Amino acid sequence: SKNVLLSKFKGALVGAVLGDCIGSEFEGLWAKSIGVEKVLKSIGKLESEYDPATDGRKADKQDMLLRDYTDDTAMARSVAQSLIENKGFDAKHMAKMFSEEYFKDPYRGYGGSIITVFSKLKDAEFADPYKPAAEQFDGEGSYGNGGAMRIVPAPLFAYRQNDVQHLTELVEQITKITHSHPSAINGAIFQSFAVDLALRGSKEVDTGAFCDELQKRIMEREKKVTEKIKKRKLEEVEAEEDKEATPFDFPYASITDDIRKYALQDDLPSTEEITGNLGTDISAYRSVPTAVYSFLRASKHIDKLEDRNSFEKTIIYAITLGGDTDTIATMAGAIAGAWYGIEAIPKSWQASCESVEDALKFAEQLYELSSTSE
Ligand code: F2R
Ligand code: MG
Ligand code: MG
Ligand code: MG
């Protein structure tokens, strides 16, 4: 019904903000030096600042700064605001919002190379919004997770169309403003599929069914990209033999087998196994699958987190994996929030982080847009 979907929209955007704000304290640390106790301690601290009577912070804590969001949320805000303002996608406008937001507030922990894109966009007055990104890394494009980390508003905006191809194209266009490497684009598409499936999910998470659908969708996408690249190569090299497809042709579809395996396994996989095989770094390929896995794994029992709901478990568990904690937690939080809805997100967490109120507002606006554009 109406209220369930609105709750899921709010959960997705607020879940993403909280993953970023709570995760950023641990960004760049090894899993070994974090541990579940440290994450619980940090969360216990923000919970102790909350006063249920006023649904805000305790009187003596009100002067304390809210936990800051980082580049992940700064860019997701621009995606949401641009889609809302234009009632659709406008590449130039979104490029302008990314760049202006950066120059207004540059100390949000942006990726090392994306700043070049913001400068070039600005210098060219946003004439060709895709050109600077295409020039990154000698024309290879960035494979960073900066496209996937901000994509959550797109599956909300495209929800009503219920058309995988339409969502795929929207996400590709949004991502290409800063990230042109196929791995970054397909990582953002993979994340958007996970959020879309979560918005359409209900009750218990069925890991097998979730992974099957995710894999089917991303395989279709990766096949198209591979065919395009092969065709281009065939044109370049005259007598190239038609090679057999390998897992390298379908990286996200292939890694979904590991996501499924680790999420379904009875005992919790060791952190080394996850960081080694799925990854926790700033590349899209070594972080988006980990976020999807964290959401799925947190629907099951996790030691020391028995008294936490599955949304809370998702955020806490994702952070304990270390590495790019704000980004993995923001992506996992978006999926979990989309599945469980805003009611699953503790009020104390919501009261402790910057931009939660805006996220709630954007969710309502995206919901309104998607229900009037039928
Ligand atoms: N930047 C960070 N975190 C590290 C610094 C803050 C931290 N608090 C600390 O110092 O401890 N986080 C943010 O960056 C990630 C998103 O990055 P994005 O937007 O993808 O940026 P960029 O610059 O395009 O890519 C990131 C780096 O990846 C490498 N790289 C990408 N493509 C490459 C290619 N084709 N060849 C070689 N290297 C490539 C480069 O090192 C890029 O600088 C998120 O974690 C966000 O939270
Ligand atoms: Mg960040
Ligand atoms: Mg600001
Ligand atoms: Mg990060």
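The structure under discussion appears in the preceding block.
Calculation notes
Residues numbered from 1 in each chain as written. Chains lettered and ligands numbered in written order. Predicted model: local features only at pLDDT ≥ 70, side-chain atom pairs only at ≥ 80, totals over all residues. Heavy atoms only, no water. Helix = DSSP H or I, 4+ residues; strand = E, 2+ residues; numbered from the N terminus. Rg over C-alpha atoms; globule rule 2.2 N^0.38 Å. Buried < 20%, exposed > 50% of the residue type's maximum accessible area, 1.4 Å probe, protein only. Core = buried A, V, L, I, M, F, W, Y, C linked by side-chain atoms within 4.5 Å. Contact = heavy atoms within 4.5 Å. Donors = N, O, S within 2.8 Å, 3.2 Å for Na, K, Ca; no water. Axes fitted to C-alpha atoms, helices over the stretch in contact; angles between N-to-C directions. Parallel < 35°, antiparallel > 145°, perpendicular 65-115°, else oblique. Left-handed = near helix turned anticlockwise from the far one by under 90°. Nonpolar A, V, L, I, M, F, W, Y, C, P; charged D, E, K, R; others polar. Expected span 1.5 Å × (residues − 1). Phe/Tyr/Trp six-rings, centres within 6.5 Å; stacked < 30°, edge-to-face > 60°. Salt bridge = Lys/Arg side-chain N within 4 Å of Asp/Glu carboxyl O. Lys, Arg positive; Asp, Glu negative; His and termini not counted. Polar contact = N/O pair within 3.5 Å; in protein donor to acceptor, adjacent residues only side chain to side chain. Near = heavy atom within 4 Å.

A word on the overall build of the protein chain
Logical step 1: Summing up its helical and strand segments, the protein chain has 17 helices and 2 strands in all.
Logical step 2: Here the C-alpha atoms of the protein chain give a radius of gyration of 20 Å, agreeing with the 21 Å that 2.2 N^0.38 yields for 374 residues.
Logical step 3: Summarising its shape, the C-alpha atoms of the protein chain cover approximately 70 × 50 × 45 Å along the three principal directions.
Logical step 4: In the protein chain, which comprises 374 residues, the share counted as buried stands at 56%.

What about the nonpolar core?
Logical step 1: Ranked by internal contacts, the top residues of the largest apolar core, which has 110 residues, are Phe9, Leu156, Phe210, Ile259, Val292, Leu296 and Trp349.
Logical step 2: Per-element accounting of this core gives the leading share, 11 residues, to helix α1 (residues 2-23).
Logical step 3: In this view, Trp349 contacts Leu18, Ile22, Ile43, Leu46, Glu47, Arg308, Phe311, Glu312, Ile315 and Ile316; residues no more than four positions away in its chain are not counted.

Describing the coordination of the magnesium ion (ligand 2)
Six octahedrally arranged donors around a metal ideally form angles of 90 or 180 degrees; four tetrahedrally arranged donors ideally form angles of 109.5 degrees.
Logical step 1: Protein-derived ligands of the magnesium ion (ligand 2) are Thr70 (OG1), Asp71 (OD), Asp72 (OD) and Asp326 (OD), with the metal-ligand distances lying across 2.0 to 2.3 Å.
Logical step 2: Between consecutive donors of the magnesium ion (ligand 2), the numbers of intervening residues give the motif T-D-D-x253-D.

Describing unusual backbone geometry
Logical step 1: Unlike most non-glycine residues, Asn162 shows phi in positive territory, near 50 degrees.
Logical step 2: For Lys304, which is not a glycine, the phi torsion comes out positive at approximately 70 degrees.
Logical step 3: Mapping Lys304 onto the fold places it in the loop between α13 (288-297) and α14 (310-320).

Quick notes on the packing of helix α4 (residues 91-104) against helix α5 (residues 114-123)
Logical step 1: α5 packs onto α4 with a crossing angle of 110 degrees between their chain directions and a minimal axis gap of 9 Å. Comparing their axes, α5 and α4 come out roughly perpendicular. Where α4 crosses over α5, the handedness of that crossing is left-handed. The residues of α5 that touch α4, namely those facing Ala95, Phe98, Ser99, Tyr102 and Phe103, are Ile115, Phe118, Ser119, Leu121 and Lys122.
Logical step 2: Taken together, the residues of the contact of α4 with α5 break down into 7 nonpolar, 2 polar and 1 charged.

Some words on helix α3 (residues 71-86)
Logical step 1: Its 16 residues place the ends of α3 22 Å apart at the C-alpha level, agreeing with the 22 Å of an ideal helix rising 1.5 Å per residue.
Logical step 2: Across the 16 residues that make up α3, a large majority, 13, are buried.
Logical step 3: Where α3 ends, the next residue or the one after it, Lys87, has phi of about 50 degrees, a positive value.

Some points on the environment of Val171
Logical step 1: Looking at where Val171 falls in the secondary structure, it is placed in helix α8 (residues 164-176).
Logical step 2: Exposure remark for Val171: the relative accessible area of 0% places this residue in the buried category.
Logical step 3: For Val171 and Gly187, which are 16 residues apart along the polypeptide, the C-alpha to C-alpha distance reads 10.0 Å.
Logical step 4: Apart from residues no more than four positions distant in its own chain, Val171 is found in contact with Ile151, Ala154, Ala188, Ile189 and Ser192.

Thoughts on the packing of aromatic side chains
Logical step 1: Under the criterion given, the structure shown has 15 aromatic pairs.
Logical step 2: On the basis of an interplanar angle of 55 degrees and a centroid distance of 5.5 Å, the ring pair of Phe210 and Phe295 is categorised as tilted. With a gap of 85 residues between them, Phe210 in helix α10 (residues 207-236) and Phe295 in helix α13 connect regions that are remote in the sequence.
Logical step 3: On the basis of relative accessible area, Phe295 is assigned to the buried category, the value being 0%.

Observations concerning the pattern of salt bridges
Logical step 1: Overall, the coordinates contain 24 salt bridges when judged by the stated rule.
Logical step 2: Salt-bridge contacts for Asp196 lead to Arg200; the nearest nitrogen and oxygen are separated by 3.0 Å.
Logical step 3: Judged by its relative accessible area of 5%, Asp196 is buried.
Logical step 4: Of the charged contacts in the structure, one is a salt bridge between Arg260 and Asp212, with a shortest N-O distance of 2.9 Å. One end of the pair, Arg260, is in helix α11 (residues 251-264); the other, Asp212, is in helix α10, and 48 residues separate them in sequence.
Logical step 5: Overall, the relative accessible area of 44% leaves Asp212 in the partly exposed class.

Considerations on the side chain of Arg150
Logical step 1: Locating Arg150 in the fold gives a position in the loop between α6 (131-134) and α7 (153-157).
Logical step 2: Of the side chains with opposite charge, Asp71 lies nearest to the buried Arg150, which makes no salt bridge, at 8.5 Å.
Logical step 3: Engagement of the side chain of Arg150 in a polar contact is seen with the backbone oxygen of Ile174, the distance being 2.9 Å.
Logical step 4: A polar atom in the side chain of Arg150 sits 3.5 Å from the backbone oxygen of Thr175.
Logical step 5: Look past the residues within four positions of Arg150 in its chain and what remains in contact with it is Asp72, Met75, Ala76, Val79, Phe98, Ile174, Thr175, Thr178 and His179.

Details of the site of ligand 1
Logical step 1: Not every one of the 23 residues close to ligand 1 is listed here, only the nearest: Ser113, Glu140, Ser142, His179 and Asp324.
Logical step 2: Contact distances for ligand 1 include 2.9 Å between a nitrogen atom and a backbone N or O atom of Gly141.
Logical step 3: Residues belonging to the shell around ligand 1 are distributed by class as follows: 6 nonpolar, 11 polar and 6 charged.

Let's talk about the packing of α10 against α11
Logical step 1: Close contact between α10 and α11 brings their axes to 8 Å; oriented N to C, the two are set at 170 degrees. With respect to their mutual orientation, α10 and α11 come out roughly antiparallel. For the pair formed by α10 and α11, the contact residues are Thr207, Gly208, Cys211, Asp212, Gln215, Ile218, Met219 and Glu222 on the first element and Pro251, Tyr252, Ala253, Thr256, Asp257, Ile259, Arg260, Ala263 and Leu264 on the second.
Logical step 2: Split by residue class, the contact of α10 with α11 holds 9 nonpolar, 4 polar and 4 charged.

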